[in-house]
Amino acid sequence: MLLRTVLLLALVGQGLLLENGLLRTPPMGWLAWERFRCNIDCDEDPENCISERLFMEMADRLAQDGWRDLGYVYLNIDDCWIGGRDAEGRLVPDSKRFPHGIGFLADYAHSLGLKLGIYEDMGNLTCMGYPGTTLDKVDLDAQTFASWKVDMLKLDGCFSTSEERALGYPKMAAALNATGRPIAFSCSWPAYEGGLPPKVNYSLLADICNLWRNYDDMQDSWRDVLSILDWFVKHQDILQPVAGPGRWNDPDMLLVGNFGLSFEQARSQMALWTILAAPLFMSTDLRTISPQNMDILQNPLMIKINQDPLGIQGRRILKEKSHIEVFKRPLSGEASALVFFSRRTDMPYHYHSSLSQLNYTGSKMYEVSASAFPGGLCWGAARSPMASLSWELWGLWRVPVGQLQALRAEAGAIFQTRVSRLCRRSWV
Ligand code: GLA
């Protein structure tokens, strides 16, 4: 009898959680905000204003230029789409900029094999001052989004109190559940509470949100990438364990393709976001993106590592006096990925390491593929723990077995290392 009661309670408890089974790997897609902001001037700037046209054009690019097939399937609207509320209190889009409504855009996205994301704010107003979702509107707004066949909701946290957010985010998770439509839930809640316990309860977040913004907004500069990265690294003991399939930390959008990063910096952001199991939301003009930037964002190994099914977030494992930092992410199939990240500003640098320094222990044989951005694949084998490895952080070359090198200063390099069972047997 006691057991039955406990089971029953457990089931009732689960009803409150977000049970959508979505985002078993980090979401990938396109989000309007960083690049297109709140440009609502469609008279002056019809090509770039927040409008149906912009989203349809990005949908076309996602479908036609290889993005969708690599996994970039979310087409996400951000702030500044709302026109107001109708007589029944339902949200309506700006009628001039979204003349056919959001349901029409969702249908268009679905017809191309994409998913549509939308933005609202748990509060009186969105961050740019459009009508928000107050507590009494949570259920209605969730139903409205579901009726439009929306696939993801980013719920921001401007213009609300901590108390309202503490009630509103779980309430929205339950309301989304109750619609019966699987809608991925992106919560900005922790970012508004300083991102850290005790104010942020990450186990609760993991139960009610699929992803969450922990920290500041990304702006179009390398300084912003570094400050966000530094915050995530500083708090990695807290943040790293809470991420996993269906629940991701979100360090915010990729800047690749915009104006603030050099080519090497863009590659670095991609590598670092990959190793951090971060959502890969591009926010750039896909109509005009350069082939070089496309190569960065479409790097198949990068995407494969980001989307690894184990879903373990990587950590920084070494910070050298030489300003080289090493990040490591465990992957499925006894594999792992490494990023060698140089903060040096002088010149290419020879970085020497060994498998044991990189936390590879035991008498195993490791297979190393160094196949980062240039797309080429060089590989070799090295015996742990004595093997000494040497990377010149500069470019990618094919190298002899045991001597591995890749990428350059200022760039993030990614290696994938895999314990080879076959080899291990023969070396034990
Ligand atoms: C906040 C969010 C951003 C963006 C803007 C829109 O600043 O953190 O990602 O959604 O609001 O106003």
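Quick notes on the rules
Residues numbered from 1 in each chain as written. Predicted model: local features only at pLDDT ≥ 70, side-chain atom pairs only at ≥ 80, totals over all residues. Heavy atoms only, no water. UniProt positions renumbered as here; feature names shortened; annotations may be inferred. Near = heavy atom within 4 Å. Polar contact = N/O pair within 3.5 Å; in protein donor to acceptor, adjacent residues only side chain to side chain. Nonpolar A, V, L, I, M, F, W, Y, C, P; charged D, E, K, R; others polar. Phe/Tyr/Trp six-rings, centres within 6.5 Å; stacked < 30°, edge-to-face > 60°. Buried < 20%, exposed > 50% of the residue type's maximum accessible area, 1.4 Å probe, protein only. Helix = DSSP H or I, 4+ residues; strand = E, 2+ residues; numbered from the N terminus. Disulfide = S-S within 2.5 Å. Pairing = 2+ DSSP bridges. Axes fitted to C-alpha atoms, helices over the stretch in contact; angles between N-to-C directions. Contact = heavy atoms within 4.5 Å.

Per an unreviewed UniProt entry, the protein is named Alpha-galactosidase, and its organism is Oryctolagus cuniculus. Entered under Subunit (unreviewed entry) in the UniProt record, the comment concerning the protein runs "Homodimer."

(A) Local environment of the site of the ligand. Neighbouring residues of the ligand: Trp33, Asp78, Asp79, Tyr119, Cys127, Met128, Lys154, Asp156, Arg213 and Asp217. One nitrogen or oxygen atom from the side chain of Asp156 is found 2.9 Å from an oxygen atom belonging to the ligand. Contact distances for the ligand include 3.2 Å between an oxygen atom and a side-chain N or O atom of Arg213. Class assignment for the residues of the shell around the ligand results in 4 nonpolar, no polar and 6 charged.

(B) The packing of aromatic side chains, seen in detail. This structure, assessed with the given rule, holds 12 aromatic pairs. Arranged with centres 6.0 Å apart and planes meeting at 50°, the rings of Trp30 and Phe36 form a pair that is tilted. Taking relative accessible area as the criterion, Phe36 reaches 3% and is therefore assigned buried. Here the aromatic rings of Trp222 and Phe341 are separated by 6.3 Å at their centres, their planes lie at 65°, and the arrangement is edge-to-face. Of the two residues, Trp222 sits in helix H10 (residues 222-234) while Phe341 sits in strand S13 (residues 335-342), which places them 119 residues apart along the sequence.

(C) Representation of the state of the cysteines within the structure. Under the definition given, this model contains 4 disulfides. At a sulfur-sulfur separation of 2.1 Å, the disulfide partner of Cys187 is Cys209. Every disulfide takes its handedness from the sign of the S-S torsion; for Cys187 and Cys209 that torsion is -95°, giving left-handed. On the criterion of sequence distance, the pair formed by Cys187 in strand S7 (residues 184-187) and Cys209 in the loop between helix H9 (202-208) and strand S8 (211-213) is long-range, its members being 22 residues apart. Overall, the relative accessible area of 0% leaves Cys187 in the buried class. Classification of Cys209 by relative accessible area gives buried; the value is 1%. Sequence-ordered numbering of the bonded cysteines in the protein yields a pairing of 1-4, 2-3, 5-6, 7-8.

(D) Main features of the sheet that holds strand S6 (residues 152-156). One open sheet holds the 8 strands; their spatial order is S9-S8-S7-S6-S5-S2-S1-S10, and the pairing between them is parallel. Looking along the sheet, the strands with just one partner apiece sit at the ends: strand S9 (248-250) and strand S10 (280-282). Averaged over all adjacent pairs, the angle separating strand axes in this sheet is 25°, with direction ignored. Note that S6 and S7 share 4 bridges and pair parallel. In the strand pairing of S7, Lys154 is matched with Ser186. Sheet strands in contact with helix H3 (residues 52-64) are strand S1 (28-31), strand S2 (74-76) and S10, and its direction is about 160° off that of S2.

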